[in-house]
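# Observations on the model geometry
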Amino acid sequence: MSKTLISNFFQKLIAWHQVDGREGLPWQGVKDPYAVWVSEIMLQQTQVATVLERYPRFMKRFPTVKKLASAPVDDVLAEWAGLGYYSRARNLHACSIEVMERFSGKFPSDPLLLEQLKGIGRSTAGAIAAFAFQERAPILDANVKRILARLFGVEGALQEKAVNDLLWSLAEQLLPKHRDDMPVYTQALMDFGATWCTSRKPVCISGAQKCPFEKQCQANLSDQVLQLPRKAPKVKSPELDCDMMVLRRGNAVLLQKRPPKAIWGGLWSLPESPWRAKGLNEVGSFQMTGKALLALTLPEEDHLTIGRHCKINIQGERIKHVFTHRRLWMQIWHVSANQALEFSSENLRWVSLKQLGKYGLPQPIKLLLQGLSLAHGDD
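Residues numbered from 1 in each chain as written. Predicted model: local features only at pLDDT ≥ 70, side-chain atom pairs only at ≥ 80, totals over all residues. Heavy atoms only, no water.

The next point concerns the overall build of the chain. What the chain contains, in helices and strands, is 16 helices and 7 strands. In terms of its C-alpha atoms, the chain occupies a principal-axis envelope of roughly 80 × 45 × 35 Å. Looking at the chain as a whole, 47% of its 379 residues qualify as buried. Accessible surface for the chain amounts to roughly 19200 Å². Of this, 51% is attributable to carbon and sulfur atoms. (Helix = DSSP H or I, 4+ residues; strand = E, 2+ residues; numbered from the N terminus. Buried < 20%, exposed > 50% of the residue type's maximum accessible area, 1.4 Å probe, protein only. Areas by Shrake-Rupley, 256 points an atom, 1.4 Å probe, with all protein chains shown as cover.)

With that out of the way, let us pick up the nonpolar core. Judged by nonpolar contacts, the single largest core of 99 residues is most densely connected at Tyr34, Trp37, Phe58, Leu148 and Tyr185. Sequence-distant contacts of Tyr185, defined by excluding residues within four places in its chain, comprise Phe9, Phe10, Leu13, Ile14, Leu174, Leu175 and Pro176. In this structure, Leu293, Leu298, Cys310 and Leu341 belong to the second largest nonpolar core, which totals 16 residues. (Core = buried A, V, L, I, M, F, W, Y, C linked by side-chain atoms within 4.5 Å. Contact = heavy atoms within 4.5 Å.)

Here the structure, examined in full by the defined rule, presents 15 aromatic pairs. Between Trp37 and Phe107 the ring centres are 5.2 Å apart and the planes differ by 50°, which places this aromatic pair in the tilted class. With Trp37 in helix 2 (residues 33-43) and Phe107 in the loop between helix 6 (87-103) and helix 7 (111-114), the pair connects residues that are 70 residues apart, well separated along the chain. Judged by its relative accessible area of 1%, Trp37 is buried. Look at Phe107 and you get buried, because its relative accessible area is 8%. By way of ring pairs, the aromatic residues Phe9, Trp16, Tyr185, Phe192, Trp196 and Phe213 are connected into one cluster. The cationic tip of Arg122 hangs over the ring face of Trp168; the distance from NZ or CZ to the ring centre is 3.8 Å. Above the ring of Trp329, the side-chain terminus of Lys278 is found at 5.3 Å from the ring centroid. (Phe/Tyr/Trp six-rings, centres within 6.5 Å; stacked < 30°, edge-to-face > 60°. Lys NZ or Arg CZ within 6 Å of the ring centre and 35° of its normal.)

Following both chains from N to C, one finds helix 3 (residues 48-61) and helix 5 (residues 73-80) inclined at 160°, their axes separated by 10 Å at the closest point. Here helix 3 lies roughly antiparallel to helix 5, going by the angle between them. Every pair of crossing elements has a handedness; the one defined by helix 3 and helix 5 is right-handed. Facing helix 3, whose interface residues are Arg54, Arg57, Phe58 and Arg61, helix 5 presents Asp75, Val76, Glu79 and Trp80. Across the contact of helix 3 with helix 5, the residue classes break down as 3 nonpolar, no polar and 5 charged. (Axes fitted to C-alpha atoms, helices over the stretch in contact; angles between N-to-C directions. Parallel < 35°, antiparallel > 145°, perpendicular 65-115°, else oblique. Left-handed = near helix turned anticlockwise from the far one by under 90°. Nonpolar A, V, L, I, M, F, W, Y, C, P; charged D, E, K, R; others polar.)

Tracing the backbone through its elements, the reader meets Trp264 in the loop between strand 2 (252-257) and strand 3 (268-269). In this structure Trp264 comes out as buried when scored by relative accessible area, which is 6%. Sequence separation between Trp264 and Tyr85 is 179 residues; the distance between their C-alpha atoms is 7.6 Å. Among residues more than four places away in sequence, those in contact with Trp264 are Tyr86, Arg90, Met244, Arg258, His321, Phe323, Met330, Pro362 and Pro364.

Remember that the coordinates give geometry; whether it matters functionally is a separate question.
Structure (structure tokens):
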């Protein structure tokens, strides 16, 4: 490991950022820890282009940690709809309450305290501390891991604890000596990984620009840029089937609130059957009856009584939705009710198609119901 590189890395990176760093992002230069925190959580696993649109909207609706903490979690999930990984939204809400109760509405500057808050990991804590409080705290998101693995020729998969520990050690050693440099240095790290030292087309491969570290980067010197960091072998994603019921009465549709810890946890969706391995249909599509569908999708309700007032209109679309580690095929069944049915569960609710915007819906369900609303002129 080059001691010279350790000592001058941050100067070179900051100099690079002054010329080629990103500009104009709405969260750049922000020192409010609340605003920094929201941007960091939103940027996790979401493309910058999407966050550019959604971050200002979220901040306008929830401008302070107090506003966020006092809002119903359903409102937060509704505002988050379409961004995916909804546990982030639930954790945002829970964390805001924690900040209000434990720290009187003020985020702590100590990254160790920040890391104890709901949904804030070590890297996010470091980013908040660096940007908002100029603390000498390292970050180690996916971009920074890639930079360091290439720069120092770190072998082994990123999922390995020894590799992760080594990268954290490097991240700490590379920190600027002066706190005043922390915000720009941290932003520069993020920008360099996002725009220059990218996963598939880094500038040293494309030849578009000259990398400031090309003569010191071990991956470049050993011609392993695209091989580092090492990736664990991919496991084939399981494919699953389920049946979903669009039960309508006039302009209202029946929604069901999902369990907090399930996929799409806390969102409102359609009543559905248990998920099963693709191809293992519990009831064949052509044998599906109203009673069978109700038994699958509303097993805890009196589906025999409810079934007397319901009728399957058509077997609808089959929608594919890709999660990070699985693929789900949703068979949609359109059902009509001839009277206002009542249900025992508080998690079942009739919702007007005009009011869907007030509910946090999974993106594929939101698109399905929006199309239904438009088709019937209910918008």
